[in-house]
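# Descriptive analysis of the structure
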There are 4 protein chains.
Amino acid sequence: MAHDESRDEPEPGYTTRKEEHLRRLRRIEGQVRGLQRMIDSDQYCIDVLTQIAAATRALQSVSIVLLEQHLRHCVRQAVRDGEQVDERIQEATAAIARLVRS
Amino acid sequence: MAHDESRDEPEPGYTTRKEEHLRRLRRIEGQVRGLQRMIDSDQYCIDVLTQIAAATRALQSVSIVLLEQHLRHCVRQAVRDGEQVDERIQEATAAIARLVRS
Amino acid sequence: MAHDESRDEPEPGYTTRKEEHLRRLRRIEGQVRGLQRMIDSDQYCIDVLTQIAAATRALQSVSIVLLEQHLRHCVRQAVRDGEQVDERIQEATAAIARLVRS
Amino acid sequence: MAHDESRDEPEPGYTTRKEEHLRRLRRIEGQVRGLQRMIDSDQYCIDVLTQIAAATRALQSVSIVLLEQHLRHCVRQAVRDGEQVDERIQEATAAIARLVRS
């Protein structure tokens, strides 16, 4: 899972919007804590499910933005040095497939 | 969103597995905090996406278990007093549709 | 996959809206044939993907309606004879899980 | 929906695997016709839902392969002439978002 250093990538493509990602993830963390309070206080099941769907969509939104930044980054790298482009596209597609099926 | 009290439901169908749900949600909360650490330490984007897909699947698993318990509960209520069954099924189906599309 | 006859179910719960389901499925069949024409005439990839997403959503809509009718049917059966209710709910939930994850 | 000719793209990136895509789509068309026969002969609802989930996954697989070819194509174009890269990535990401949410 850890970043393979041999890929030699100084920093990921998403760093320019790091604060935005962290803010969104903190909000999602709050949603998950809210879900625990809902369960703990025996809230109505359908309302819990609605909140779970909202948290799921929020996670997907983060992943879409990260992915867009990653693709831009890959393309810039490809233009600059043409290295490992095929491998990168394959890897990004595998990540997209996991998102589509999750 | 709030539980309509006129439904007069003393407790939701999921209370028997409350501890299990809370344990799973605490684990998901941990995953979301882990995502913040990954972003904060500039982990590789594809690895972040893999973790987001894992958290999404974990949330979906919680919702599937909640839904099963809710459906059992609805059916038991229908058998006992036959009240509001159609409305309940419609409501559950709307929740399922939100999960399928999220 | 085949219907287990030992369940002794004279007809599924969806028969009252059979024509509607068939009409929707014929339209989806047309969408899938349209996709073949798009590929065959080298239409732009993003437009093909948009049409695939539309066909996928149309299939999901059919499954949501079928599921609602099935749940109503299960509940009616449960009220009438109380048989195999738990098994039915478990089976329906497994089907929902497949839809949520597909 | 039609391919915007001003984009000046001689042929989409997926043409090398056109036959494979057509073969997969013909199989999916067959699955959708099979669904109509299942409904028409009152097959058990859960079995119909299982087949719908299978057709949905098959459509998603086609879209993942198309998307991978499209991304490779975009990157090759970017390396060659650097044109409209940002617009293309944005467009591809919007298509991915539609797939993730469908």
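So, here is what we can say about the structure in this document.

Calculation notes
Position numbers for residues start from 1 in each chain and track the written sequence from start to end. Lettering for chains starts from A, numbering for ligands starts from 1, and both go in the order in which the items are written. Only residues with pLDDT of at least 70 get local features here, since the model is predicted, and only at 80 or more are side-chain atom pairs given and counted; chain-wide, interface and lining totals rely on the full set of residues. Computation of side-chain values: all heavy atoms of the structure, hydrogens and water removed. To count as a disulfide, a pair of cysteine sulfur atoms needs to be within 2.5 Å. Relative accessible area decides the class of each residue, using a 1.4 Å probe on protein chains only: under 20% of the type maximum gives buried, over 50% gives exposed, and in between gives partly exposed. Superposing copies: least-squares fit, C-alpha atoms only, residues required to have pLDDT of at least 70 in both. The contact criterion used is simple: two residues touch if any of their non-hydrogen atoms lie within 4.5 Å. Interaxial angle, 0 to 180 degrees, is taken between N-to-C directions of lines fitted to C-alpha atoms, where a helix line uses only the stretch in contact. What counts as a helix is a DSSP run of H or I of at least four residues, what counts as a strand is a run of E of at least two, and both are numbered from the N terminus. By definition in this entry, angles of less than 35 degrees are roughly parallel, angles greater than 145 are roughly antiparallel, angles of 65 to 115 are roughly perpendicular, and the rest are oblique. Residues are grouped as follows: nonpolar covers Ala, Val, Leu, Ile, Met, Phe, Trp, Tyr, Cys and Pro; charged covers Asp, Glu, Lys and Arg; every other residue, Gly included, is treated as polar. The term buried area denotes the loss of accessible surface (1.4 Å probe radius) that occurs when two parts are joined, taken as the sum for both partners. One speaks of a salt bridge when a side-chain nitrogen belonging to Lys or Arg is within 4 Å of a carboxyl oxygen belonging to Asp or Glu.

## Some remarks on the state of the cysteines
The final tally for this structure, using the stated rule, is 0 disulfides over all chains. In this structure A:C74 is a free cysteine whose sulfur lies 8.2 Å from that of B:C45, the closest cysteine sulfur available. In this structure A:C74 comes out as buried when scored by relative accessible area, which is 6%.

## Some thoughts on the relation of the copies chain A and chain B
By a simple turn and slide, chain A fits onto chain B: the slide is 0.0 Å along the axis, the RMSD is 0.0 Å, and the turn is 180°. Viewed as a symmetry operation, the transformation between the two copies matches a two-fold axis. Both copies share a contact surface, since 100% of the interface residues of chain A are interface residues in chain B too.

## With respect to the packing of helix α1 (residues 18-40) of chain A against helix α1 (residues 18-40) of chain B
Across the interface, α1(A) lies against α1(B) with an axial gap of 9 Å and an inter-helix angle of 170°. Classified by the angle between their axes, α1(A) and α1(B) sit roughly antiparallel to one another. For the contact of α1(A) with α1(B), the class distribution of residues is 12 nonpolar, 4 polar and 10 charged.

## Considerations on the interface of chain D and chain C
In this complex, chain D contributes 51 residues to the contact, which on the side of chain C involves 51 residues. Summed over both partners, the interface of chain D with chain C buries about 4,900 Å², with 70% contributed by carbon and sulfur atoms. Viewed at the interface, chain C and chain D are joined by 4 salt bridges. In this structure, C:R33 and D:E29 form a salt bridge, with 3.2 Å as the shortest nitrogen-oxygen distance. When contributions to the side of chain D that touches chain C are tallied by element, the ones reaching two or more residues are α1 (18-40), α2 (45-81) and α3 (85-101) of chain D. Looking at the side of chain D that touches chain C element by element, the count peaks at 19 residues for α2(D).

## What about the relation of the copies chain D and chain C?
One copy of the chain maps onto the second through a rotation about an axis and a displacement along it. Aligned on chain C, chain D shows an RMSD of 0.0 Å; the corresponding rotation is 180° and the shift along the axis is 0.0 Å. A shared binding surface is used by both copies, with 100% of the interface residues of chain D retained as interface residues in chain C.

## Describing the pattern of salt bridges
Within this structure, the stated rule accounts for 32 salt bridges over all chains. Here B:K18 and A:D42 are joined by a salt bridge, their closest N and O atoms 2.9 Å apart. Of this pair, B:K18 sits in helix α1 while A:D42 sits in the loop between α1 and α2 (45-81), on two different chains. Its relative accessible area of 30% is what places A:D42 among the partly exposed residues.

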